Amino acid sequence: MNCIFCGIADGSIKSQLVYEDEDVVAFKDLNPQAPTHLLIIPRKHIARLSEADEKDALLLGKILLVAKKLAQQFDLKDFRLVTNNGKGAGQSVDHLHFHLMAGRRFLWPAG
Ligand code: AMP
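Residues numbered from 1 in each chain as written. Predicted model: local features only at pLDDT ≥ 70, side-chain atom pairs only at ≥ 80, totals over all residues. Heavy atoms only, no water.

Looking now at the site of the ligand. As a structural note, the neighbourhood of the ligand is formed by 16 residues, with D29, G90, S92, H97 and H99 the closest of them. Contact between the ligand and S92: an oxygen atom at 2.6 Å from a main-chain N or O atom of the residue. Taking V93, its main chain carries an N or O atom lying 3.1 Å from an oxygen atom of the ligand. When the ligand sits alone it has 500 Å² of accessible area, and the protein chains cover 84% of it. With three residues, helix α1 (residues 4-10) is the single largest residue contributor to the shell around the ligand. Residues of the shell around the ligand, tallied by class, amount to seven nonpolar, seven polar and two charged. (Near = heavy atom within 4 Å. Polar contact = N/O pair within 3.5 Å; in protein donor to acceptor, adjacent residues only side chain to side chain. Areas by Shrake-Rupley, 256 points an atom, 1.4 Å probe, with all protein chains shown as cover. Helix = DSSP H or I, 4+ residues; strand = E, 2+ residues; numbered from the N terminus. Nonpolar A, V, L, I, M, F, W, Y, C, P; charged D, E, K, R; others polar.)

Encoded structure:
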């Protein structure tokens, strides 16, 4: 399988890592859409949230807690955490990832 984010998770593709543990990796987005724009991914290849199942419950919870930890570490008071599920929702990389963005005003509903 040729997956950029699996490559980042196993270190074979360079990235600006900001967090890693045995299950989760976070790094700076290559094309930031906000002053702070991080991506949080599971090491496990799950293509998108709709492909996750019950046995991923702990992993998904862990990702949210990593988001919280990074928000504290980067001193983000207000932030947006979002995942695009499927091409129609804007997903361009088929490995589950959560965008953690902050540092500008965000519109709601999201565009
Ligand atoms: P999405 O469109 O929701 O699938 O988000 C994919 C994100 O991955 C985009 O914001 C890209 O800028 C980002 N991206 C793609 N390749 C890399 C890379 N090698 N390192 C860091 N971010 C990347």
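Past the structure itself, the notes keep going.
This part is about the UniProt feature "domain: HIT" (unreviewed entry) in the chain. The sites that UniProt annotates as "domain: HIT" (unreviewed entry) are residues 4-111. In this annotation, residues 4-111 is assigned 22% helix and 22% strand; the end-to-end C-alpha distance for the span is 26 Å. (UniProt positions renumbered as here; feature names shortened; annotations may be inferred.)

Using the criterion set out here, one finds zero disulfides in the structure. Cysteine C3 is unpaired, with the sulfur of C6 as its nearest cysteine sulfur at 3.7 Å. Accessibility expressed as a relative area gives 11% for C3, which makes it buried. (Disulfide = S-S within 2.5 Å. Buried < 20%, exposed > 50% of the residue type's maximum accessible area, 1.4 Å probe, protein only.)

The linkage connecting W108 with the following residue, P109, adopts the cis geometry, with an omega of 5°. For P109, the position within the fold is in the segment after β5 (98-102). The backbone phi angle of D75 is positive, close to 60°, even though this residue is not glycine. Along the chain, D75 turns up in the loop between α2 (57-73) and β4 (80-82).

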